[in-house]
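# Coordinate analysis (summary)
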Amino acid sequence: MATVTFEKAQRWYPGADKPAVPGISLEIGDGEFMVLVGPSGCGKSTTLRMLAGLEEVNQGKIYIGDRDITDMPPKDRDIAMVFQNYALYPHMSVADNMGFALKMAKVPVEERKKRVQEAARILQLEDYLERKPKALSGGQRQRVAMGRAIVRQPQVFCMDEPLSNLDAKMRVATRTDIAKLQADLGVTTVYVTHDQVEAMTMGDRVAVMNLGELMQVDTPLGLYDKPKNLFVAGFIGSPQMNLLEAKAADGQAKIGGYLVPVDPAASKKMQGNITVGVRPESWRIVSANEGGLPINVTVVEELGADSFVYGTCDVEGTPSNVIVRVSARDSVHKGDVIYVTTDPKDVHVFDTETGSRLSD
Ligand SMILES: Nc1ncnc2c1ncn2[C@@H]1O[C@H](COP(=O)(O)OP(=O)(O)OP(=O)(O)O)[C@@H](O)[C@H]1O
Ligand SMILES: [Mg+2]
C-alpha cells in the first residue's frame, strides 16, 4: 500500500518570521494522481520536498502507507522525484542516465538493462538510448527524466513542475503522456504545478493551496462546480468566474437593479455584502425588458465555435468587469449593450467578508 498521509506537517524555514507551510493535512490514495496547485510562493514545492525528504519537517508527521517517514533519509523513502530542470548527466547516454540510480543501488546489470528497456519502451525512447542528452529535444529530455524515475519502481512519484520548460504545444502533448503513464503504472503521484489547466486535466484530485494553507481538495469537476471559497472560485476556471459584489436583503440578492436568481440554501444564509459568482458560460442573453443585468460590451473575442464577450456592468456606481461566453451565432459587437441572466443552480454565492460559500 502506498498511500501518502500528511498530518499537520509544518515547514518553517530558518530565519523566516512565519512558517512557509504552517501545518498541512492531506490524504492521498494508493495509486492516486494528486495535483498541488496554487500561486507562486504558496508552498507547493515546500510540501512536496517535505515528502521527498529534501526539506526538514518541523512539526507533524508524514506517512507512506503505515511507514512514518518524517525523519527518514530521502534514499530510504522509496520515492522518485522529477524536477523542472531535468538535470541529466551530459556525458552519459540516455540509457546510462536512466540506469544510473540502479547502478548506484547495485542492481545487477541484467536487471538494470531489462528495466531501462522497459521504461524506454513505455516512453518511446527506444531509438534514442545511445544518444547524449544534448542531441534530444526538450520533450525527449523530459521523457528521459521520467524514465529515470520509472526504472526505480518507487512507491511514490514526486513531480515539481516537470513541464514548465517545454513550449506550449509540447506541454499539452506531454501532459497527456504523463497522465496516461501514471494511470498505466498505478504509482501514487504528487504533482506540483501553478497552472490550473494542467491541474484540472491531469489530477484525479486537486489540492488548491494559498499562503501555505489548503483551500480545497476535490476532483477537478468538484472544484469547478462547488468552489468552497472565493479563492478557489477565482483560481479555477479560464476565463475566470465572474465575481460581482451584491447586496442581500430579505433573502434576495441585488446588483443595482438586477435581481440575482439564487438557490434557497444561499437565500437563507446571505445577508449584507455578498459576492455572486457566475461562470462565463452560465450567462444567458435576454431581451431588454426581461430584467437582466445590463452589460456594456468593450471587446468580443471570436473563437470560432463560440465567442467571449468582455464588458462592464455597473455595481453601485463602479464599473465591474464581466465575461460572457456566447455562441458565435449570437451577433454581439463592441459598443452594444446586452442583458444577461442565469439560473439559481449556476449562481455561486459567497460571504464577501469571510469568502465562504453560502450556496449548496
Ligand atoms: N530555502 C528557503 N529558505 C527560506 N524561505 C524559503 C525557502 N524556500 C522557499 N521559501 C519560501 O517559502 C514560501 C513557499 O515557497 P515554495 O517554493 O514552496 O512555493 P511554491 O508554491 O513552490 O512557488 P512557485 O510556484 O513559485 O514554485 C515562499 O514564501 C518562499 O519564499
Ligand atoms: Mg515551486
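A quick note: this is a predicted structure, and the numbers were derived from the prediction, not measured.

### Observations concerning the domain arrangement of the protein
Under the domain assignment used here, the protein contains domain 1 (4–230) and domain 2 (240–351). Centre-to-centre, using C-alpha coordinates, domain 1 lies 39 Å away from domain 2. Tallying the contact residues gives seven residues for domain 1 and eight residues for domain 2. Summed over the three residues of domain 1 that lose the most area to domain 2, namely Tyr 224, Pro 227 and Leu 230, the buried surface amounts to 87% of that side. At the junction of domain 1 and domain 2, the tally comes to zero salt bridges. Our count for the domain 1 to domain 2 interface comes out at two residue pairs in polar contact (both at pLDDT 80 or more). Looking at the side of domain 1 that touches domain 2 residue by residue, the class counts come to four nonpolar, one polar and two charged.

### Some thoughts on the sheet that holds strand β8 (residues 188–193)
Pairing in this open sheet of six strands is mixed, and the strands run β6-β7-β8-β3-β9-β10 from one edge to the other. One side of each edge strand has no neighbouring strand; the edge strands of this open sheet are β6 (79–82) and β10 (213–218). The mean inter-strand angle of the sheet, taken between neighbouring strand axes irrespective of direction, is 15°. Where β6 and strand β7 (residues 156–160) come together, four bridges link them in parallel fashion. Among the inter-strand pairings, Met 81 is bridged to a residue of β7, identified as Cys 158. On top of the sheet, helix α1 (residues 44–52) reaches β3 (33–37), β6, β7, β8 and β9 (205–210); it is set at about 150° to β7, its chief contact.

### Details of the layout of surface pockets
Taken as a whole, the largest pocket spans an internal volume of roughly 450 Å³. In terms of lining, the largest pocket is formed by 19 residues, of which the most central are Ala 80, Met 81, Phe 83, Arg 148 and Arg 152. Where the lining of the largest pocket is concerned, the elements lending two or more residues are β6, α2 (94–104) and α4 (138–150). When residues in the lining of the largest pocket are grouped by element, the largest group, four residues, is from β6. Within the lining of the largest pocket, the residues separate by chemical class into 15 nonpolar, one polar and three charged.

### Regarding the nonpolar core
One finds Met 98 and Val 208 to be the most contacted residues of the largest nonpolar core, which totals 43 residues. Here this core gets five residues from one element, more than from any other, and that element is α4. Excluding residues that lie within four positions of it along the chain, Met 98 makes contacts with Val 116, Ala 119, Ala 120, Leu 125, Val 144, Gly 147, Arg 148 and Val 151. Listed in part, the 29 residues of the second largest apolar core include Ala 248, Val 260, Val 278 and Val 324.

### So, the site of ligand 1
With respect to spatial proximity, the complete set of residues near ligand 1 consists of Tyr 13, Ala 20, Pro 39, Ser 40, Gly 41, Cys 42, Gly 43, Lys 44, Ser 45, Thr 46 and Glu 161. Tyr 13 is positioned with one of its side-chain polar atoms (N or O) 3.4 Å from a nitrogen atom of ligand 1. One nitrogen or oxygen atom from the main chain of Gly 43 is found 3.0 Å from an oxygen atom belonging to ligand 1. Calculation on ligand 1 without its partners gives an accessible area of 640 Å², and the protein chains cover 55% of this total. Per-class residue counts for the shell around ligand 1 are four nonpolar, five polar and two charged.

Thresholds, definitions, all that
Residues numbered from 1 in each chain as written. Chains lettered and ligands numbered in written order. Predicted model: local features only at pLDDT ≥ 70, side-chain atom pairs only at ≥ 80, totals over all residues. Heavy atoms only, no water. Domains from an automatic or database assignment. Contact = heavy atoms within 4.5 Å. Buried area = accessible area lost by both parts, 1.4 Å probe. Salt bridge = Lys/Arg side-chain N within 4 Å of Asp/Glu carboxyl O. Polar contact = N/O pair within 3.5 Å; in protein donor to acceptor, adjacent residues only side chain to side chain. Nonpolar A, V, L, I, M, F, W, Y, C, P; charged D, E, K, R; others polar. Pairing = 2+ DSSP bridges. Helix = DSSP H or I, 4+ residues; strand = E, 2+ residues; numbered from the N terminus. Axes fitted to C-alpha atoms, helices over the stretch in contact; angles between N-to-C directions. 1 Å grid on protein atoms, 1.4 Å probe; cavity = no way out; pocket = protein on both sides within 12 Å on 5 of 7 lines; lining within 4 Å. Points joined across faces, edges and corners; volume = space filled by probe spheres on them. Core = buried A, V, L, I, M, F, W, Y, C linked by side-chain atoms within 4.5 Å. Buried < 20%, exposed > 50% of the residue type's maximum accessible area, 1.4 Å probe, protein only. Near = heavy atom within 4 Å. Areas by Shrake-Rupley, 256 points an atom, 1.4 Å probe, with all protein chains shown as cover.

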